[in-house]
Amino acid sequence: MRLGGRRKSVIFFLTLGVCLVALALALNVGWILLNWREVALLVLGVVVFVVIITGVVLNTTFLIREIRRNEQHDAFINAVTHELKTPITSIRLYLETLKTREVSDARRREFYDIMLADSARLMQTVEQVLRAGRATHKQRRSNASVINLGQLTRECLELIRVRYDLDPASLHYTETLDEAGARVSGDTDELRAVVSNLLDNAVKYSDKEIDIAVEVATLDERRVALRVSDRGVGIPRAQLKRIFRRFYRVQGGFMKRFKGTGLGLFIVRSVVERHGGRVFAESAGVGRGSTFTILLPRA
Ligand code: ADP
């Protein structure tokens, strides 16, 4: 319903913009035909005409951008509410069962494990939102230390493997390092969030067959690279840059089955840039996998 309303307002403003441009054009042409001798007025008319057209185009672009942004905010609030509500409902259900029924010891332990996993999921969502809030502050990082990026990546890979119960053969890890190793200077928690977000996405958007390649490499004396490649749903070429914006999620029918808040890559980009590095995505298109590369300065 809301989405339909938005689409209608986009169509309305587009039509309005086009009508105004056509009207101004007709007015201007008519005016020129009637007053072709009065050159000074003609010049003035043309200038006013250009100003009106520019104003109309700017106004329409701005309105459409605002409507899109609102749409993204709504989608984000829906996604976060869903991510918060689902584990809370599950925990409540298990607690009620434990309170009202006789449950065997084995079942009880199973319930506790499920509730712990649910609370971990809850914590992860809350931390993601808080991290995205912090990412908008441009202050200097406080807990800088020298980090072995290879080791940090291996730890994150192990966590992901356990969290999604993955077959070890579906994750391939390689290191191509010189003697100094992949040492970077930065905040361990923040860089761990970066690597986890990239690995989480690689698993989530892999669809059925998970085949993820992760590589840490020293490129030259100054830079170390982390590359995460999957064979998943891929990313349309036109959206490769936009996916790093806050709340941005790829548009298209194939995305409907994936849940998410659109914060992960925004956090990745903010943290990487704050560490003096950069991140970019590559994909041959929808259904053809994606590769994310992070370049960080060496310590
Ligand atoms: P979320 O995953 O919560 O939607 P992100 O900021 O992590 O938010 O990602 C933004 C968008 O980028 C996603 O909605 C998805 O469309 C796209 N994306 C991210 N990682 C991948 C990937 N590995 N493969 C395909 N698409 C991806």
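From a predicted model like this one, the values you see are computed outputs, not experimental measurements.

**Topic: the packing of helix α4 (residues 149–163) against helix α5 (residues 188–204)**
Two quantities define a packed helix pair, namely the angle between the helix axes and the distance between the axes.
Reasoning step 1: Where α4 contacts α5, the axes come no closer than 9 Å and their chain directions differ by 45°. In terms of axis orientation, α4 runs oblique to α5. The two elements α4 and α5 meet at a crossing, and its hand is right-handed. Facing L152, T153, E155, C156, L157, I160 and R163 of α4, the residues of α5 in contact are T188, L191, R192, V195, S196, L199, D200 and V203.

**Looking at the pairing of strand β5 (residues 223–230)**
Reasoning step 1: Both strand β4 (residues 212–218) and β5 contribute to a ladder of 6 bridges, which runs antiparallel. Looking at β5, one finds that A213 is bridged to S229.
Reasoning step 2: Between the antiparallel neighbours β4 and β5 lie 4 residues.
Reasoning step 3: Where β5 lies against strand β7 (residues 290–297), 8 bridges are found, and the strand directions are antiparallel. When the bridges of β7 are listed, S229 appears paired with T291.

**Let's talk about the site of the ligand**
Reasoning step 1: Lining the immediate environment of the ligand, one finds 21 residues, of which N201, Y205, R249, T261 and L265 sit closest.
Reasoning step 2: The contact in question runs from an oxygen atom of the ligand to an N or O atom on the backbone of G262, over 3.0 Å.
Reasoning step 3: For the ligand, an oxygen atom lies 3.2 Å from a polar atom in the backbone of G264.
Reasoning step 4: Taken by itself the ligand offers 530 Å² of open surface, and the protein chains cover 98% of this.
Reasoning step 5: Listing elements by their share of the shell around the ligand, those giving two or more residues are α5, α6 (264–274) and β7.
Reasoning step 6: With 3 residues, α5 is the largest single contributor of residues to the shell around the ligand.
Reasoning step 7: Its residues placed into classes, the shell around the ligand shows 11 nonpolar, 7 polar and 3 charged.

**Comments concerning the packing of aromatic side chains**
Reasoning step 1: Inspection of the entire model under this criterion finds 4 aromatic pairs.
Reasoning step 2: If you follow R246 out to its NZ or CZ, it ends over the ring of F266, 5.7 Å from the centre.

**Notes on the domain arrangement of the protein chain**
Reasoning step 1: Along its sequence, the protein chain is organised into domain 1 (1–135) and domain 2 (144–297).
Reasoning step 2: Computed over C-alpha atoms, the centres of domain 1 and domain 2 are 26 Å apart.
Reasoning step 3: Contacts between the two partners involve 14 residues from domain 1, matched on the other side by 18 residues from domain 2.
Reasoning step 4: At the boundary of domain 1 with domain 2, the tally comes to 0 salt bridges.
Reasoning step 5: Listing elements by their share of the side of domain 1 that touches domain 2, those giving two or more residues are α2 (39–100) and α3 (105–135).
Reasoning step 6: Residue composition of the side of domain 1 that touches domain 2, grouped by class: 6 nonpolar, 5 polar and 3 charged.

**Focus on the sheet that holds β5**
Reasoning step 1: Strand order in the open sheet formed by 5 strands is β2-β4-β5-β7-β6, with mixed pairing between adjacent strands. Each edge of the sheet is formed by a strand with only one pairing partner; in this case those strands are β2 (171–176) and β6 (278–283). Sheet twist, expressed as the mean angle between neighbouring strand axes with direction ignored, is 15°.
Reasoning step 2: Against the sheet, α4 touches β2, β4, β5 and β7, its axis set at about 175° to β2.
Reasoning step 3: Running at roughly 25° to β5, α5 makes contact with β4, β5 and β7 of the sheet.

**Points about α3**
Reasoning step 1: With 31 residues, α3 extends 44 Å between its outermost C-alpha atoms, agreeing within 8% with the 45 Å of an ideal straight helix rising 1.5 Å per residue.
Reasoning step 2: For α3, the full list of buried residues reads F111, M115, D118, L122, T125, Q128, R131, A132 and A135.

**Regarding unusual backbone geometry**
Reasoning step 1: Phi angles above zero are rare outside glycine, and D207 is one such case at about 65°.
Reasoning step 2: Among the structural elements, D207 can be located in the loop between α5 and β4.
Reasoning step 3: Judged by relative accessible area, D207 falls into the partly exposed class, the value being 34%.
Reasoning step 4: With a phi angle near 70°, F247 is a residue other than glycine that sits in the positive phi range.
Reasoning step 5: As for its placement among the helices and strands, F247 is situated in the loop between β5 and α6.

Each value, and the rule that gives it
- Residues numbered from 1 in each chain as written.
- Predicted model: local features only at pLDDT ≥ 70, side-chain atom pairs only at ≥ 80, totals over all residues.
- Heavy atoms only, no water.
- Axes fitted to C-alpha atoms, helices over the stretch in contact; angles between N-to-C directions.
- Helix = DSSP H or I, 4+ residues; strand = E, 2+ residues; numbered from the N terminus.
- Parallel < 35°, antiparallel > 145°, perpendicular 65-115°, else oblique.
- Left-handed = near helix turned anticlockwise from the far one by under 90°.
- Contact = heavy atoms within 4.5 Å.
- Pairing = 2+ DSSP bridges.
- Near = heavy atom within 4 Å.
- Polar contact = N/O pair within 3.5 Å; in protein donor to acceptor, adjacent residues only side chain to side chain.
- Areas by Shrake-Rupley, 256 points an atom, 1.4 Å probe, with all protein chains shown as cover.
- Nonpolar A, V, L, I, M, F, W, Y, C, P; charged D, E, K, R; others polar.
- Phe/Tyr/Trp six-rings, centres within 6.5 Å; stacked < 30°, edge-to-face > 60°.
- Lys NZ or Arg CZ within 6 Å of the ring centre and 35° of its normal.
- Domains from an automatic or database assignment.
- Salt bridge = Lys/Arg side-chain N within 4 Å of Asp/Glu carboxyl O.
- Expected span 1.5 Å × (residues − 1).
- Buried < 20%, exposed > 50% of the residue type's maximum accessible area, 1.4 Å probe, protein only.

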